[in-house]
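Descriptive analysis of the structure
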Amino acid sequence: MSSNESPRFPLQRPTYGNLITILSIDGGGVRGIIPSIILNFLETELQKLDGENARVADYFDVISGTSTGGLVTTMLTAPNKENRPLFAAKDITDFYLEHCPNIFPHNDHNPFGHAEQVIKALSGPKYDGVYLHQLVRELLGNTQLHETLTNVVIPTFDIKRMQPTIFSSYQLKKNPSLDAMLSDICIGTSAAPTYLPPHAFTTEDSDGNLLEEFNLIDGGVTANNPTLVAISEVTQEITGGSLDFFPIKPTEYGRFLVLSLGTGSAKHVEKYDATTSSNWGVFGWLVGNGSTPLIEMFTQSSSDMVDYHLSTVFQALQSGHNYLRIQDDTLSGDVASMDITTRKNLEDLVQVGKELLQKPVSKVNLGTGIYEPDHCITNEEALIRFANILSKEKSTRELRSPGVNNNNVTITNMQKMLIANNKEEKPAKLTNAIVHSLPDLYQLKTG
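This write-up is about the structure you can find in this document. Keep in mind the model is a prediction, meaning the values are calculated, not measured.

**Some details on helix α3 (residues 89–103)**
- End to end, α3 covers 21 Å across 15 residues, agreeing with the expected 21 Å (1.5 Å per residue, within 8%).
- The sharpest bend along α3 comes to roughly 30 degrees, located at L97, with the proline P101 sitting one to four residues further on.
- Turning to α3, its buried residues number three or more, namely A89, I92, T93, F95, Y96, L97, H99, C100 and I103.
- Contacts from the buried residues of α3 go to α1 (33–50), α2 (68–77), α5 (130–140) and α12 (343–358).

This is the structure in structure tokens:
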């Protein structure tokens, strides 16, 4: 395909392919800059294969994001006037650089700035959220969950009902009350306790009747790393008999292709200790050591436990090569913060993302919790291979899908046979007649 040609069709249903493709993006405040760099690289590689108009949303069956990752998810999947993604991946980094200083404002010239923030934290959130709310509403307008260009899964937590609320494209048929405006979902999943105020809103039916009331805080309380939530949503669809998916066994993780992007975490050091924290009250747990220990601990533990589980399951089922986690656990100083928005820190986060591309593919050591090199290839090289897998998977689905091949596309007799086999919504069978994604997946495993 020429370099200026766009993908011909939206991603066809997984039932016509070999894999189920999942992208997940962690929460982390301003550190959302880090996965934005990774996504830009991946999208650039896809454009080399399928044309300059290729977008990340064209290749993933579901994109999941928490907090800042939820904002990135909507930027990648919300439609513009041409029904294409609102943002290209390359534009997301600039969005963060431009708007984060106003979302998390700091008065660097005030010598009492930190003391004032501590005092304010005792009576309310550090930031009022006004700029963020206006920005998101202006960006997303009245676009609702059902309008995204691919399936999305965004975790939040409802403090009135004291339970997680997952805004999932897959749940809309069963629960139309979840069809909220994307702006409300983004504001809700980003409402980190002590940082931003909780967000309340309602959904209505077409006649204006109340469907549901939501009172939301940050999705990191539920799942700061939403990868497992996304896999669970897809699994429910499969076990429920959805015709969009080929039937797979519960242990057949080899049919999932998962890219999970972290937002970085602090270097593995002994940051707090029992002796010091034993004297903390509410104040200490919220602002101890000039940080927010309670928030740090539950978001860090949430992300680590999801990665721990998925690494274990994929490896145990001999499908470790289907799961790529890109995370930097060596952050220190300002770059480890969720809300420091000085020009220097934002530029340093960009550099962290670029350097992460050059680091080796790593997996969490299940004993120490530290990321250790697992392959002789870099994250950049792994993403290049992922791009090839995604491109071939997309092409395979197009070849097998009757809806695509009825649009004046020249096809071979073998492809016609494959199409005929799928006329009655039967799951696509693997075949060597098509050059599909699995050889590249094996390369990723052995690379």
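Once the structure has been displayed, the description carries forward.
**A few points about the nonpolar core**
- Of all hydrophobic cores here, the largest spans 75 residues; its most connected members are L23, F60, F167, L259 and L383.
- If one sorts the elements of this core by residue count, α1 sits on top with eight residues.
- The next biggest cluster of nonpolar side chains, apart from the first, holds 19 residues, and it includes I231, F256, V306 and L310.

**What about α12?**
- Given a rise of 1.5 Å per residue, 16 residues ought to cover 22 Å, and the 24 Å separating the end C-alpha atoms of α12 matches this to within 8%.
- Of the surrounding elements, those touching the buried residues of α12 are α1, α3, β8 (323–326), β10 (371–378) and α13 (379–400).

**Remarks on the packing of aromatic side chains**
- Taken as a whole and judged by the stated rule, the model has seven aromatic pairs.
- Seen from their ring centres, F87 and F95 are 5.6 Å apart, and the 85 degrees between their planes marks the pair as edge-to-face.
- Taken together, the ring pairs connect F87, F95 and Y96 into an aromatic cluster.
- In this structure, R255 is placed above the aromatic ring of F246, and the distance from its NZ or CZ to the ring centre is 4.1 Å.
- K394 extends its terminal NZ or CZ atom over the ring of Y59, reaching a point 5.7 Å from the ring centre.

**Remarks on the packing of α12 against α13**
- The geometry of α12 relative to α13 is characterised by a closest axis approach of 5 Å and an angle of 75 degrees between their N-to-C directions. Taken together, the axes of α12 and α13 lie roughly perpendicular to each other. Each of L356, L357 and Q358 in α12 lies in contact with α13, whose residues at this interface are N379, E380 and L383.
- Taken together, the residues that form the contact of α12 with α13 break down as three nonpolar, two polar and one charged.

What counts, and at which threshold
Residues numbered from 1 in each chain as written. Predicted model: local features only at pLDDT ≥ 70, side-chain atom pairs only at ≥ 80, totals over all residues. Heavy atoms only, no water. Helix = DSSP H or I, 4+ residues; strand = E, 2+ residues; numbered from the N terminus. Expected span 1.5 Å × (residues − 1). Bend = angle between axes of the 7 residues up to and from the residue. Buried < 20%, exposed > 50% of the residue type's maximum accessible area, 1.4 Å probe, protein only. Contact = heavy atoms within 4.5 Å. Core = buried A, V, L, I, M, F, W, Y, C linked by side-chain atoms within 4.5 Å. Phe/Tyr/Trp six-rings, centres within 6.5 Å; stacked < 30°, edge-to-face > 60°. Lys NZ or Arg CZ within 6 Å of the ring centre and 35° of its normal. Axes fitted to C-alpha atoms, helices over the stretch in contact; angles between N-to-C directions. Parallel < 35°, antiparallel > 145°, perpendicular 65-115°, else oblique. Nonpolar A, V, L, I, M, F, W, Y, C, P; charged D, E, K, R; others polar.

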